[in-house]
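If you want the building blocks of each chain, they are given just below.
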Amino acid sequence: MPATAAATPPLRDEARTEAVFTLLLADAAAQRGDYAQAAAKYTAVAQQAADPGLARRAVQAALYGQDLPAAIAAAEVWQRIEPQSVDAAQLLTALELQRGNADAAREQLRRLLTLKNFQSRQDYLNLVRLLNQNVPPDTLFGVLDTLLELRPDDPQALFAYTVAATGLGQIERADKPSARLLELQPRADEAVLLRAQVLLQSGRLAQAGELLGEFLRSHPRHTQAHLMLARVRLEAKDYAAARREFETVLRYEPGNADARLAAALLAGQLGDRRTARAQLLKLAADGKQADQANFYLGKLAEDAGDTRQALAHYARVHDGEHRIEALLRRASLLAERGQLDDGLALLAGAPADSDEERLRLVLAQSDLLLEANRLQQAEKLIDDALAQNPDSLELLFARAMLLEKLDRTADMERDLKRILELDPKNANALNAWGYTLADRGERLDEAHELIKRALEQSPDNPYILDSLGWVLYRKGDLVGAETYLRRALRQLPEAEVYAHLAEVLHAQGRTDEARQVLREGLEKSPKDARLLGLQGKLDP
């Protein structure tokens, strides 16, 4: 029992009776949601009886009622009753900070740091958690800096401060305390890992790799250090080295599913499909990440042209982040095999956990129908979906693109106008409308203005750059057209952009250059109808 509480004389019988009655009233008030009344009565009895438990209850009631001043008043009573209480001092620091009184919060923190029983790492981490409650980072660290001022060489304070800074993306703030922590504890694994994390997040990859490599020479079985070094190698795009680190982890921890998945994906990326498949099969067998493993096994099989195996693996993805993507891949593969209706039925009958998933399934069905040139069926599908969600920008845009294919320009413009009524800065709608007009050679000034508005919203978007180049070509500005089309091609080496640039070069009389651009496009897309048509125009 705290010394102050023990020294407090017991309540007289009359006072005790009154206190019990007040407590009953406080409990009743709390039960009916009158937290202000409950907090006031709990506080009064806590102060009268010098009971820290009642003071804590008063704080809770005030916080339930979102009454910050009352919570602070109750916490101050708690602190007077129990001046050595770490919980009371931490809470007051946090409450003053939430109230916006940084000076009072710093004063409470200074008081907290005088308490002898505030010294463990968990104490510091609890403090950081309490303070980090929707407070702007500058305000938070304006208070937390007191830790570094008063305990600059306390490893636990340095650790907690660095964890808070890295967690909030304040890497510059984490630099000096993490370096000092490593100076104080050069052999402590947590100090090494935390410093490596700061170096990694600040882009100093060589330093992070050197620090971890040196640590691993004396701690070769430290899997967390190997995992951190793998992250460093990934960030540096040294995928072979990253793969080696993950495989090292697996030697010491064969059951580490995350490391096995990463090793498998890197093996696949590096062209070692056999190893990738073997690793993924192990994951799929032990069930820890079976859904992810089967998804990537499906991708491996699909890349190898084994449609049957790909479908089998995708069908085993029952949950997780890849569930919908696996469904979409199954449907697409079925359509490629001539089983379009089976693919459509698969998507139509798939459960959706959210509106977003439901939308993806509808749009995927629409895409399959478009590829099969079943345009009226695709239109009905989207019409039905829009009947349920008439202001869906995605559905309106999908129908607009479908209507353009059906050569119903007026209906397409109707949908694009509706999108822009709902979202005046929608770059996709602006660009699609402008490009359609430009491609038809209609209302070119209007098309130019629409595309410029789209580019304002997405300045480096290669699709919009291509549209701007094309409308300038239609308006006779061949030099400007070439400039934007070359910018687009650097980011988007696709058939349509190659065709546009070749057309512009040909119009400038630079036919040999146009043929070269056309050849490059055909190497990437040898069956593209637009490129093949242009080839007949350019060949002598």
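The structure reproduced in this document is the subject of the present report.

What counts and what doesn't
- Residues numbered from 1 in each chain as written.
- Predicted model: local features only at pLDDT ≥ 70, side-chain atom pairs only at ≥ 80, totals over all residues.
- Heavy atoms only, no water.
- 1 Å grid on protein atoms, 1.4 Å probe; cavity = no way out; pocket = protein on both sides within 12 Å on 5 of 7 lines; lining within 4 Å.
- Points joined across faces, edges and corners; volume = space filled by probe spheres on them.
- Helix = DSSP H or I, 4+ residues; strand = E, 2+ residues; numbered from the N terminus.
- Nonpolar A, V, L, I, M, F, W, Y, C, P; charged D, E, K, R; others polar.
- Axes fitted to C-alpha atoms, helices over the stretch in contact; angles between N-to-C directions.
- Parallel < 35°, antiparallel > 145°, perpendicular 65-115°, else oblique.
- Left-handed = near helix turned anticlockwise from the far one by under 90°.
- Contact = heavy atoms within 4.5 Å.
- Core = buried A, V, L, I, M, F, W, Y, C linked by side-chain atoms within 4.5 Å.
- Buried < 20%, exposed > 50% of the residue type's maximum accessible area, 1.4 Å probe, protein only.
- Arc of directions from axis to C-beta.
- Polar contact = N/O pair within 3.5 Å; in protein donor to acceptor, adjacent residues only side chain to side chain.
- Phe/Tyr/Trp six-rings, centres within 6.5 Å; stacked < 30°, edge-to-face > 60°.

A few points about the layout of surface pockets
- One number sums up the size of the largest pocket: a volume of about 770 Å³.
- Phe-397, Met-401, Ala-432, Tyr-435 and Glu-496 are, among the 25 residues lining the largest pocket, the residues nearest its centre.
- Taken together, the elements giving at least two residues each to the lining of the largest pocket come down to helix H22 (355-371), helix H24 (393-405), helix H26 (427-440), helix H28 (462-474) and helix H30 (495-507).
- With 8 residues, H26 is the single largest residue contributor to the lining of the largest pocket.
- In terms of residue class, the lining of the largest pocket is made up of 11 nonpolar, 6 polar and 8 charged.
- There is about 310 Å³ of room inside the second largest pocket.
- Contributions of two or more residues to the lining of the second largest pocket are made by helix H4 (52-64), helix H6 (86-98) and helix H8 (121-131).

Topic: the packing of helix H31 (residues 511-524) against helix H32 (residues 529-538)
- Contact geometry of H31 with H32 gives a least axis separation of 10 Å together with a crossing angle of 150°. As the angle between them shows, H31 and H32 are arranged roughly antiparallel. Between H31 and H32 the crossing geometry is left-handed. Seen from H31, the contacting residues are Thr-511, Ala-514, Arg-515, Leu-518, Gly-521 and Leu-522; seen from H32, they are Leu-531, Leu-532, Leu-534, Gln-535 and Leu-538.
- Grouping the amino acids of the contact of H31 with H32 by side-chain chemistry returns 7 nonpolar, 3 polar and 1 charged.

Quick look at the nonpolar core
- Counting residues in hydrophobic clusters, the biggest one holds 91 residues, and the most contacted among them are Leu-280, Leu-347, Leu-395, Leu-416, Trp-433, Val-471 and Leu-531.
- With 8 residues, the single largest contributor to this core is H30.
- Apart from the residues within four sequence positions on either side, Leu-395 is in contact with Leu-359, Val-362, Leu-363, Ile-382, Ala-385, Leu-386 and Asn-389.
- The next biggest cluster of nonpolar side chains, apart from the first, holds 29 residues, and it includes Ala-89, Ala-105, Tyr-124 and Leu-140.

A closer look at H32
- Those residues of H32 that fall on the buried side of the exposure criterion are Leu-531, Leu-534 and Leu-538. Taken down its axis, H32 places every buried residue within 65° of arc, on the same side. Summarising the geometry of H32, the exposed residues directed more than 90 degrees from the buried face are Ala-529 and Gly-536.
- For H32, the capping residue at the N-terminal end is Asp-528, with a side-chain oxygen 3.1 Å from the backbone nitrogen of Arg-530.

A few points about the packing of aromatic side chains
- Using the criterion set out here, one finds 5 aromatic pairs in the structure.
- When the centroid spacing of 5.4 Å and the interplanar angle of 70° are considered together, the rings of Phe-141 and Tyr-161 count as edge-to-face. Highlighted residues: Phe-141 in helix H9 (residues 137-150) and Tyr-161 in helix H10 (residues 155-167), separated in sequence by 20 residues. Each member of the pair Phe-141 and Tyr-161 is classed as buried.
- Centroid distance Phe-295 to Tyr-296: 5.3 Å. Interplanar angle 75°. Geometry classified as edge-to-face. For the pair formed by Phe-295 and Tyr-296, the shared burial category is buried.
- Within the aromatic cluster, the residues linked to one another by ring pairs are Phe-295, Tyr-296 and Tyr-314.

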